[in-house]
Amino acid sequence: MSELTNELFGVVPIIPTPFTENEEIDEEALRSLIDFAIAGGIKAVCLPAYASEFYKLTDDEKLQVVRVAVEHAAGRLKIVAQSNHPSLKVAIKLAQANVKAGADVVSLAVPRIFSLPESSLKQYLSEFLQSIPNTPVLIQDFNPGGSSISVEFIKELMDENPNFKYLKLEEPLCAPKFESIIKATKGKVGLFEGWGGLYMLELVPIGIRGVMPGLAVSDILQRVFDLRRSGEDGKAFDLFEKVMPQIFFSLQNMELFHYAEKELLIARGVLSNSIARKAAYIPDASSISYIRELNQRVIDVLNDETYAIRPAVAVAV
């Protein structure tokens, strides 16, 4: 069973869900993705999240990818098991199954299909946290249609639930809010930035615990994170600027992100296809060409000894 002392720090990438030609989960490719993360110096990964196409997986498949990841990681890195579902009853069932499967941390996205008052969200999150009291929980709030949960809400949730250990927010201009959360919680809730790591250079000096981007650039962003934290700001900005065009372009659309992410993993020798389950974004010829150009620029950074990035070992597939 997981313990509340489990600590997440640094870059915690989202593992994409690899599919076969007939859109079934490719377990062998999933194992290769775990190996790739380990080879790149990553200490924890998360799945199945938005960038894993969790919303296209059955509940059994969500548990399947967690089980494969836990078994293959074999303690070499921590597994954060996303247990998203708009139904609290189903989310709890998923979370408890993920804990039983050996997940180190359980993650949950705030339900945002329809607008709900904070009182409803408080009940949902509190009961979820109480259902797995001995497991650290990371709460994610991705709310394109409005603001994320309030600082007061976060403080109350922390005071009432000792296993609420981490919070991932994905919104622009969030530095003042992050500062307020750190102050209100006295740093007891570790903050993570999502959205591909796009805002990380602004937030690292504030005291975020880490970043949760896509897997394909995770080793590069870990290097950026380390440089920024150590005060080597010029090097951090220089390296980040090299990969930012690829991140920015891919994040224009979540389904486009799946394609660009998997194409970059192909370029890095890890995946053999970029299949996403339908309905999926079908890029036009111009976008395909541009993504290849952006991905090649990322490969060029990896091959440049100037940046001293620990090379992830390519896995034959």
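You'll find the structure just up there.
Attention in this report is confined to the structure presented alongside it. Here the structure is a predicted model, which is why all the values come from computation and not from measurement. (Residues numbered from 1 in each chain as written. Predicted model: local features only at pLDDT ≥ 70, side-chain atom pairs only at ≥ 80, totals over all residues. Heavy atoms only, no water.)

### A few points about the environment of Phe164
Under the convention used in this document: The numbering of helices and of strands both runs from the N terminus, where a helix is a DSSP run of H or I of at least 4 residues and a strand a run of E of at least 2. By definition, residues are in contact when any of their heavy atoms lie within 4.5 Å.
Residue position: Phe164 is located in strand β6 (residues 164–169). Between the alpha carbons of Phe164 and Asp284 there is a distance of 43 Å; along the sequence they are 120 residues apart. Not counting residues within four places of it along the chain, the set of residues in contact with Phe164 comprises Leu129, Val137, Ile139, Ile154, Leu157, Met158 and Val189.

### Quick notes on the packing of helix α9 (residues 233–250) against helix α10 (residues 254–267)
Helix-helix packing is characterised by the crossing angle of the two axes and by the distance between the axes. Our working definition: For helices, the fitted axis covers only the stretch in contact; all axes are lines through C-alpha atoms, and the angles between them, taken along N-to-C directions, range from 0 to 180 degrees. When residues are sorted by character, Ala, Val, Leu, Ile, Met, Phe, Trp, Tyr, Cys and Pro go into the nonpolar class, Asp, Glu, Lys and Arg into the charged class, and all the rest, Gly among them, into the polar class.
At their nearest, the axes of α9 and α10 sit 8 Å apart, and the two run at 145° to each other. Of the residues in α10, those in contact with Gln246, Phe249 and Ser250 of α9 are Leu256, Phe257, Ala260 and Leu264. Of the residues assigned to the contact of α9 with α10, the class counts are five nonpolar, two polar and no charged.

### Examining the environment of Val90
Stated precisely, the cut-off is as follows: Accessible area is worked out with a 1.4 Å probe on protein chains only. A residue is then buried under 20% of its type maximum, exposed over 50%, and partly exposed in between.
Considering the arrangement of structural elements, one finds Val90 in helix α3 (residues 88–101). The class of Val90 is partly exposed, set by a relative accessible area of 22%. Separated by 31 residues in the primary sequence, Val90 and Asp59 place their C-alpha atoms 8.6 Å from one another. Once residues within four sequence positions are removed from consideration, Val90 is found in contact with Asp59 and His85.

### Remarks on helix α5 (residues 151–160)
Stated precisely, the cut-off is as follows: This arc is taken over the directions from the axis of the helix to the C-beta atoms.
Among all positions of α5, only Val151, Phe153, Ile154, Leu157 and Met158 are buried. One face of α5 carries all of its buried residues, which in axial projection span an arc of 160°. Its buried side turned inward, α5 meets α4 (118–131), β5 (137–141), β6 and α6 (175–185).

### With respect to the sheet that holds strand β3 (residues 78–82)
Spelled out, the test is: One requirement defines pairing of two strands: DSSP has to find at least two bridges between them.
Strand order in the open sheet formed by eight strands is β1-β8-β7-β6-β5-β4-β3-β2, with parallel pairing between adjacent strands. At either end of the open sheet lies a strand with only one pairing partner, and these are β1 (10–11) and β2 (44–47). Sheet analysis places β3 next to strand β4 (residues 105–109), joined by three bridges and oriented parallel. Paired with Gln82 across the strands is Ser107, a residue of β4. Lying on the sheet, α4 is in contact with β4, β5 and β6; it crosses β4 at an angle near 165°.

### Details of the packing of aromatic side chains
Selection rule: Aromatic pairs are defined between Phe, Tyr and Trp rings, using the six-membered ring for Trp, whenever the two ring centres lie within 6.5 Å; interplanar angles under 30 degrees are classed as stacked, those over 60 as edge-to-face, and all others as tilted.
Inspection of every chain in the model, using the stated rule, returns seven aromatic pairs. Both rings, one in Phe9 and one in Phe225, keep their centres 5.6 Å apart while their planes meet at 75°; by these two values the pair is edge-to-face. Placement of the pair is Phe9 in the segment before β1 and Phe225 in helix α8 (residues 218–229), with a sequence separation of 216 residues. Overall, the relative accessible area of 42% leaves Phe9 in the partly exposed class. Take Phe225: its relative accessible area is 0%, and that puts it in the buried class. When the centroid spacing of 5.8 Å and the interplanar angle of 85° are considered together, the rings of Phe54 and Tyr55 count as edge-to-face. Residue Phe54 is classed as buried on the basis of its relative accessible area, which comes to 11%. A relative accessible area of 38% means that Tyr55 is categorised as partly exposed. An aromatic cluster of at least three residues, connected via ring pairs, comprises Tyr50, Phe54, Tyr55, Phe142 and Trp195.

Any link to function would need more than the numbers given here.
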